[in-house]
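Per-entry structural report
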Amino acid sequence: MESRKKYKVGMYGGAFNPLHLGHLECMIKAAGLCDELYIVISYRENETDVPLKVKIRWVHQLTKHIGNVKIIPLEDKLTNKEDYVEALWQEDCKKVKEQIGKTINVVFCGSDYDENSFWNKCYEDADFIVIPRNEYSSTEIRKDIYGHWDWMPQIVRSYFTKKVLLIGGESSGKSTLTINLANYFNTVYLEEVGRDLSELSGTDVYMLSEDFTRILLEHKAKEMRLLEQSNKVFFEDTDCLITKFFMDFLEDEGIEKNEKLAEAIADLNSYDLILYLEPDVDWVQDGDRSEVIAADRYKYGEMIKELYIRHGFEFKTISGDYNSRFDQAVTYIKELLK
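Going along each chain's sequence as written, the residues are numbered from 1 onward. Note on the predicted model: pLDDT of at least 70 is required for a residue's local features to be given, and 80 or more for side-chain atom pairs to be given and counted; whole-chain, interface and lining totals, by contrast, use all residues. Hydrogens and water are ignored here; the side-chain numbers use all heavy atoms of the structure.

Concerning empty space enclosed by the protein
Note the threshold: Only protein atoms enter the 1 Å grid used here, on which a cavity is any set of points holding a 1.4 Å probe that cannot leave and a pocket is any open set flanked by protein within 12 Å on both sides along at least five of seven lines; residues with an atom within 4 Å of a point are listed as lining. Grid points are joined across faces, edges and corners, and a volume is the space filled by probe spheres set on the points. Here a helix means four or more residues in a row that DSSP labels H or I, a strand means two or more in a row labelled E, and each is numbered from the N terminus. Polarity classes work like this: nonpolar for Ala, Val, Leu, Ile, Met, Phe, Trp, Tyr, Cys and Pro, charged for Asp, Glu, Lys and Arg, and polar for all others, with Gly in that last group.
Within this structure, the stated rule accounts for two cavities of 30 Å³ or more. What the largest cavity holds in volume is close to 50 Å³. Together, G169, E170, Y276, P279, W283, I293, R297, Y300 and G301 line the largest cavity. If you tally residues by element for the lining of the largest cavity, the top one is helix α13 (residues 297-310), at three residues. Tallied by class, residues from the lining of the largest cavity come to five nonpolar, two polar and two charged. In terms of lining, the second largest cavity is formed by L216, H219, K220, E223, E236, D239, C240, I265 and N269. Here the lining of the second largest cavity takes four residues from helix α9 (residues 209-227), the largest share from any one element. Grouping the amino acids of the lining of the second largest cavity by side-chain chemistry returns three nonpolar, two polar and four charged.

What about the pattern of salt bridges?
Let me state the cut-off plainly: Here a salt bridge means any side-chain nitrogen of Lys or Arg lying within 4 Å of a carboxyl oxygen belonging to Asp or Glu. In this scheme, a residue with accessible area under 20% of its type's maximum is buried, one over 50% is exposed, and one in between is partly exposed, where area comes from a 1.4 Å probe on protein chains only.
A full pass over the atoms with the stated rule returns 19 salt bridges. Across the pair D248 and K244 runs a salt bridge, and its minimum N-O distance is 3.6 Å. Here the residue D248 and the residue K244 both occupy positions in helix α10 (residues 240-249), the gap between them amounting to four residues, near one helical turn. Note that K338 is salt-bridged to E335, the shortest N-O span being 3.3 Å. Look at K338 and you get exposed, because its relative accessible area is 74%. Ionic contacts of the salt-bridge type, sharing partners, join the residues E36, K70 and K102 into one network.

Observations regarding the nonpolar core
Put simply, the rule reads: Think of a nonpolar core as a cluster: buried Ala, Val, Leu, Ile, Met, Phe, Trp, Tyr and Cys residues, connected wherever their side-chain atoms sit within 4.5 Å. Contacts were defined at the residue level, with two residues in contact if any of their heavy atoms lie within 4.5 Å.
Within the largest apolar cluster, 50 residues are counted, with the highest numbers of intra-cluster contacts made by L37, F108, F160, L181, F235 and I333. The residues touching I333, leaving out its near neighbours within four places in the chain, are V164, L181, F185, V233, F235 and L273. In this structure, L197, M207, L241 and F246 belong to the second largest nonpolar core, which totals 30 residues.

Some thoughts on α13
Under the convention used in this document: The span you would expect from a helix comes to 1.5 Å times its residue count less one. By arc we mean the arc of the directions from the helix axis to the C-beta atoms, nothing more.
Helix length check: α13, at 14 residues, gives a terminal C-alpha distance of 20 Å against a target of 20 Å (1.5 Å per residue), a fit within 8%. Listing the buried residues of α13 in full gives R297, Y300, G301, I304, K305, L307 and Y308. Take α13 and look down its axis: the buried residues cluster within an arc of 155°, on one side only. Opposite the buried face of α13, at more than 90 degrees from it, the exposed residues are I309 and R310.

Description of the packing of helix α7 (residues 174-184) against helix α14 (residues 322-336)
Note the threshold: Angles here are taken between N-to-C directions and fall from 0 to 180 degrees, while the axes themselves are lines fitted to C-alpha atoms, restricted in helices to the stretch in contact. By the definition adopted for this analysis, an angle is roughly parallel if under 35 degrees, roughly antiparallel if over 145, roughly perpendicular if from 65 to 115, and oblique otherwise. Left-handed describes a crossing in which the near helix is turned anticlockwise from the far one by less than a right angle; the clockwise case is right-handed.
It is the contact of α7 with α14, at a shortest axis distance of 11 Å, that shows an interaxial angle of 50°. What the angle tells us is that α7 and α14 run oblique. Seen from above, α7 lies across α14 with right-handed handedness. On the side of α7, the interface is formed by L177, N180, L181 and Y184, while α14 contributes R325, F326, A329, V330, I333 and K334. When the residues that make up the contact of α7 with α14 are grouped by side-chain class, the tally is seven nonpolar, one polar and two charged.

Observations regarding the packing of α10 against helix α11 (residues 255-268)
Each pair of packed helices can be described by the angle between their axes along with the distance between the axes. At a minimum axis distance of 9 Å, the contact between α10 and α11 shows a crossing angle of 160°. It follows from the interaxial angle that α10 and α11 lie roughly antiparallel. Crossing handedness for the pair α10 and α11: left-handed. In this structure, α10 contributes C240, L241, K244, M247 and D248 to the contact, and α11 contributes I255, N258, E259, A262, E263, I265 and A266. For the contact of α10 with α11, the residue count by class is seven nonpolar, one polar and four charged.

Spelled out as structure tokens, the structure:
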């Protein structure tokens, strides 16, 4: 990269599938050389590509503070780069120029392109600047997402983060295992939101209906925030269906409305792995755990299993002592991250 000339209108384009630190460096440096920088996001409407709206979110969040960056989407209907012939270059060039509506003074490219690229040939009236991009490559990332994790900005990583949910009855070791796994995989976790909220009246027996509403909403909101901070995998201690189970068990007075909310959240939820913890470890009375559930742990455990099955969720079952549970969970998660 040689030029330090200040341009009025510049353009930088790519598929960003996915966006990596090389792309980000190009955006930063290109924006610093222009009054206005237009980033053209090429996208395909199929499963091989990250959805357009996700790409736009990435670029916007990474550049909004700069102040002179604008985004233009450009649909790519081809399946192979080899089919991108000159007639199609010129057609896309025309679309881009129409969307920008101004004379393009400079076109920027990463060092995976050179003077012979279509970027230079299509916009022949503009200066052409190649910005070194080091070893970063979307193709290599797609081959091994987690092996190239450090090549991606945090906001991009969150899109590929695996979600692991731990479920089970009371005193099955969920909370301890959730924290242990999060620490082992160097990531964040979502604690059981309902624990503190269920004791606002001293005991869950006297919970207000609005307490369940708050648990459902706060849990989902915290999940969405924490996912953005995760490292490859995100661990979640229970979810809305466990809350639904306790709404039934504790006979929530407003269960009709809260059930609708729980069902709506369950429809939104998706997980890459669910681990069900069998109640075969010692019962520990920690706080206000139910002695009724303690008296028949397997019965209530089966009710929880049936609840998840009924909602279309599959899960792996973990049992044995605490060390065995940890080893089983780690094996499942490492397989998930291959």
